[in-house]
Amino acid sequence: MNSTSPALLLHVCCAPCASACVERLLAEGRQITFYYSTSNVVSEEEFEKRLACVKQLANYHKLELIVDPYDHQSWLNHVSKLPHFEAAPEGGARCVKCFEWSLGRTAELAQSRNMNFTTTLTVSPHKNSKLIFSIGGRWTHFEPYDFKKCDGFKRSLDLSAQFGFYRQAFCGCEYSLRKREEIKKVVC
């Protein structure tokens, strides 16, 4: 792709994930706008902590940053349409609903701005890129980037260390945090 490609709205979950993604997209000559949309995170404090690093990354690359206001209750209402969502395993049906939430909000904003969109979620080895592509494919202006390829995750670790980004140890929601705490109890 090159500069004649459509402008791209990049759904950003956090700066560590976005760091390698934006580097790759800029190398391709893409015009990018960040869209920080993470109402799935467990608290406004966590939302703001992640946002501070996203702002740092956007400023570094001189990119526009749009912040979707924190609205955890609306996110909970969306994922709670799934029966027994609290007990769903990490990477399971609750995550599908979460991806639908994030990609749907991004698709709506991208369409209103006449842009294509993609997401940083695919850089994580803990996220199923094919599933994300399947959900994103519901919109014709979605671009399926698998940012894990070409050592994307490793590069995100290197860039996070270089920038001094806060690297969270869980996806964001209270259910992924609970899973992390359960693992900690077993390991310790």
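Structural data are supplied above this passage.
Only a predicted model underlies this, so the values are computations on that prediction, with no experimental measurement involved.

Rules behind the numbers
- Residues numbered from 1 in each chain as written.
- Predicted model: local features only at pLDDT ≥ 70, side-chain atom pairs only at ≥ 80, totals over all residues.
- Heavy atoms only, no water.
- Pairing = 2+ DSSP bridges.
- Helix = DSSP H or I, 4+ residues; strand = E, 2+ residues; numbered from the N terminus.
- Buried < 20%, exposed > 50% of the residue type's maximum accessible area, 1.4 Å probe, protein only.
- Right-handed = clockwise from strand over helix to strand, strands pointing away.
- Salt bridge = Lys/Arg side-chain N within 4 Å of Asp/Glu carboxyl O.
- Arc of directions from axis to C-beta.
- Axes fitted to C-alpha atoms, helices over the stretch in contact; angles between N-to-C directions.
- Parallel < 35°, antiparallel > 145°, perpendicular 65-115°, else oblique.
- Left-handed = near helix turned anticlockwise from the far one by under 90°.
- Contact = heavy atoms within 4.5 Å.
- Nonpolar A, V, L, I, M, F, W, Y, C, P; charged D, E, K, R; others polar.

**Topic: the pairing of strand E3 (residues 64-67)**
And step 1. Note: strand E2 (residues 32-36) against E3, 4 bridges, orientation parallel. Looking across to E3, one finds that Thr-33 is bridged to Glu-64.

**Remarks on the pairing of E2**
And step 1. The buried fraction of E2 amounts to 5 of the 5 residues, a majority that puts the element mostly inside the structure.
And step 2. Taking every second residue as pointing to the same face, both faces of E2 are buried, with Ile-32, Phe-34 and Tyr-36 on one and Thr-33 and Tyr-35 on the other.
And step 3. Note that strand E1 (residues 8-12) and E2 share 5 bridges and pair parallel. When the sheet's bridge partners are listed, Leu-9 is paired in E2 with Thr-33.
And step 4. In the classification by handedness, the crossover that spans E1, the intervening helix H1 (residues 15-27) and the parallel E2 is right-handed.

**Structural notes on the pattern of salt bridges**
And step 1. Enumeration according to the criterion identifies 8 salt bridges in this entry.
And step 2. Among the salt bridges present, the one from Arg-155 reaches Glu-23, with a minimum N-O distance of 2.7 Å. Note that Arg-155 is positioned in helix H6 (residues 152-163) and Glu-23 in helix H1, a separation of 132 residues in sequence.
And step 3. For Arg-155, a relative accessible area of 30% gives the class partly exposed.
And step 4. On the basis of relative accessible area, Glu-23 is assigned to the partly exposed category, the value being 31%.
And step 5. Between Glu-64 and Arg-113 there is a salt bridge, with the nearest N and O atoms lying 3.1 Å from each other. On the criterion of sequence distance, the pair formed by Glu-64 in strand E3 and Arg-113 in the loop between helix H4 (93-112) and strand E4 (116-119) is long-range, its members being 49 residues apart.
And step 6. Take Glu-64: its relative accessible area is 38%, and that puts it in the partly exposed class.
And step 7. A residue is classified by how much of its surface remains accessible, and Arg-113, at 34% relative accessible area, is partly exposed.
And step 8. Salt bridges here are not isolated pairs; linked through shared partners, they connect Lys-97, Glu-100 and Arg-138.

**Here we look at helix H3 (residues 72-79)**
And step 1. Restricting attention to buried positions, one finds in H3 the residues His-72, Trp-75, Leu-76, His-78 and Val-79. For H3, the arc enclosing every buried residue in end-on projection is 160°, short of the 170-degree limit, so these residues lie on one face.

**Description of the packing of H3 against H4**
And step 1. Their axes nearest at 9 Å, the elements H3 and H4 cross at an angle of 130°. Put simply, H3 runs oblique to H4. The element H3 and its partner H4 pack so that their crossing is right-handed. Contacts between H3 and H4 involve Ser-74, Trp-75, His-78 and Val-79 from the former and Arg-94, Lys-97, Cys-98, Glu-100 and Trp-101 from the latter.
And step 2. Here the contact of H3 with H4 is built from residues that sort into 4 nonpolar, 2 polar and 3 charged.

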